[in-house]
Amino acid sequence: MKGRVVRVLAVALAAVVFAGGCKKNVGTPEDNAVVETDEQEESEEQEELVVGFSCMNLSNPFYETLEAAIQTSLEEQGARLLVKNPSGDVQAQITQIQELIEEEVDAVILCPVDWEEITPALEALKEADIPVINLDTEVKETELVDAYIGSDNRNAGYVCGQDLIETKPDGGSVIIVECPAINSVNERITGFEEAVAEGGFEVLERINSSEQDIKTAMQEVLAENKQIDAVMCGNDEMALQVYETVKSAGRTDILIYGIDGSPAVKKLLAEGVNPMEGTGAQSPINIGKTAAETAKAIADGEDFEEEVHIETFFIDRENVEMYGTDGWQ
């Protein structure tokens, strides 16, 4: 029994010596500080969120404002935005999205140049397990994105059609300026046509802005048609080109509608009587803020809305002062 106790004590002593021999810390307690596991986890949780942003064309004031809204909101949340500008080239956009994948961004906010041709880039993002927040123009393959945030585009066109019916109750002839490759524009034109469907309006001509120079095409339309009551445009940039052409031709009998609620169009409305009749207004500021919040929620594993439609409304001469002419709403 005594021998067994001695053997146990010997083993215990050896264990103590072995443990002491393994410890390499020397010097003061400060020199031997041990980093806690909890601190390591907290540090990992505080890693910077990096979000990629690819839009159609940053020369468009709408997208400039959208980018600024996203950037401001992400910075407030301690996140960073990487911006890519394809300048209206879908192949460039696909290449730039691959660059964002290689930079290992945490999420991508996307306004596609072409709602269908962007599909290979969406598939690459899915393969890389990078979430996608689709803005403004909805992609064709919606199952490849995690969330969609955009204006109520159909309503934006519909309110323009409603105004035309009220202004021209006897109907008339209409020119439509559109861009079939951009789904948001398609939705706006659809909403407009739904509104005027029973109003006795005939579509004389459709101008495809992706294939035709708007001003040249509009000059030809004006030369061929003496009676044109209105021109419905898919966005305010199109409407401004139509406005310049109509004004140069001295035609004061044509009503022009746009979609956006841009400062440039609002200034024309505030001037008084001219061919610019109104715009179906949207809010890039609210879209951008919602997109940034959604990207953060997805990255943090929190709940988020998979589909958000931001309110649109009609701005004309009577209410333009409510919204101001120096910026976007």
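Residues numbered from 1 in each chain as written. Predicted model: local features only at pLDDT ≥ 70, side-chain atom pairs only at ≥ 80, totals over all residues. Heavy atoms only, no water.

Going by what an unreviewed UniProt entry lists, the chain is known as Substrate-binding domain-containing protein and is assigned to Faecalicatena acetigenes. According to the UniProt record, the Subcellular location (unreviewed entry) comment for the chain is "Cell envelope". Its UniProt record gives the chain the following Sequence similarities (unreviewed entry) comment, quoted word for word: "Belongs to the bacterial solute-binding protein 2 family." (UniProt positions renumbered as here; feature names shortened; annotations may be inferred.)

### What to know about the overall build of the chain
Assigned secondary structure in the chain consists of twelve helices and twelve strands. Within the chain, buried positions represent 48% of all 329 residues. Look at the contacts in the chain between residues 6 or more apart in sequence, and 71% of them connect residues 24 or more apart. (Helix = DSSP H or I, 4+ residues; strand = E, 2+ residues; numbered from the N terminus. Buried < 20%, exposed > 50% of the residue type's maximum accessible area, 1.4 Å probe, protein only. Contact = heavy atoms within 4.5 Å.)

### Considerations on the sheet that holds strand E3 (residues 107-110)
Sheet strands line up and pair through hydrogen bonds in the backbone, either parallel or antiparallel. One open sheet accounts for six strands, arranged E2-E1-E3-E4-E5-E11; its pairing is parallel. Of all strands in the sheet, those with a lone pairing partner are strand E2 (80-84) and strand E11 (307-310), marking the two edges. Averaged over all pairs of adjacent strands, the angle between their axes in this sheet comes to 20°, without regard to strand direction. Pairing of strand E5 (residues 147-151) with E11, which is carried by four bridges, proceeds in the parallel orientation. Paired with Ile149 across the bridge in E11 is Val308. (Pairing = 2+ DSSP bridges. Axes fitted to C-alpha atoms, helices over the stretch in contact; angles between N-to-C directions.)

### Points about helix H5 (residues 119-127)
All of the buried residues along H5 are Thr119, Ala121, Leu122 and Leu125. Burial along H5 is one-sided: seen end-on, the buried residues are contained in an arc of 160°. Contacts made by the buried residues of H5 are with helix H4 (90-102), E3 and strand E4 (132-135). Looking one or two residues past H5, Asp129 carries a phi angle of roughly 60°, positive in sign. (Arc of directions from axis to C-beta.)

### Quick notes on unusual backbone geometry
Leaving glycine aside, a negative phi is the common case for residues, and trans is the common case for peptide bonds. If you check the backbone angles, Glu104 has positive phi at about 60° while not being a glycine. The phi dihedral of Asp136 falls on the positive side, at around 65°, and the residue is not glycine. Examined against the element boundaries, Asp136 turns out to sit in the loop between E4 and E5. When its relative accessible area of 2% is taken as the criterion, Asp136 is described as buried.

### Some details on the packing of H4 against H5
For any two helices packed against each other, one specifies the inter-axial angle together with the distance between the axes. The contact between H4 and H5 brings their axes to 9 Å, and the two run at 10°. In this view, H4 runs roughly parallel relative to H5, as classed from their interaxial angle. Between H4 and H5, the contacting residues are Ile94, Ile97, Gln98 and Ile101 on the first element and Ala121, Ala124 and Leu125 on the second. (Parallel < 35°, antiparallel > 145°, perpendicular 65-115°, else oblique.)

### Notes on the pattern of salt bridges
Pairing of side chains with opposite charge becomes possible as their charged atoms draw close. By the definition in use, this model includes 14 salt bridges. Of the charged contacts in the structure, one is a salt bridge between Arg188 and Asp136, with a shortest N-O distance of 3.8 Å. With a gap of 52 residues between them, Arg188 in helix H7 (residues 183-196) and Asp136 in the loop between E4 and E5 connect regions that are remote in the sequence. The same class applies to Arg188 and to Asp136, which are both buried. Ionic pairing is found between Glu194 and Arg154, a salt bridge with its closest N-O pair at 2.7 Å. (Salt bridge = Lys/Arg side-chain N within 4 Å of Asp/Glu carboxyl O.)

### Looking at the state of the cysteines
Summed over all chains, the structure comprises zero disulfides. With no disulfide of its own, Cys233 lies closest to Cys160 among cysteine sulfurs, the gap being 9.5 Å. (Disulfide = S-S within 2.5 Å.)

### Digging into the pairing of strand E1 (residues 50-54)
In terms of burial, E1 is largely enclosed, as five of its five residues are buried. Residues Val50, Gly52 and Ser54 point to one face of E1 and Val51 and Phe53 to the other, with burial holding for every one of them. With five bridges joining them, E1 and E2 adopt parallel strand pairing. The residue bridging Ser54 from the neighbouring strand is Lys84, located in E2. Remark: the E1/helix H3 (residues 61-76)/E2 crossover connection has right-handed handedness. For E1 and E3, the ladder comprises four bridges, and the chain directions are parallel. Directly across from Val51, in E3, lies its bridge partner Ala107. (Right-handed = clockwise from strand over helix to strand, strands pointing away.)

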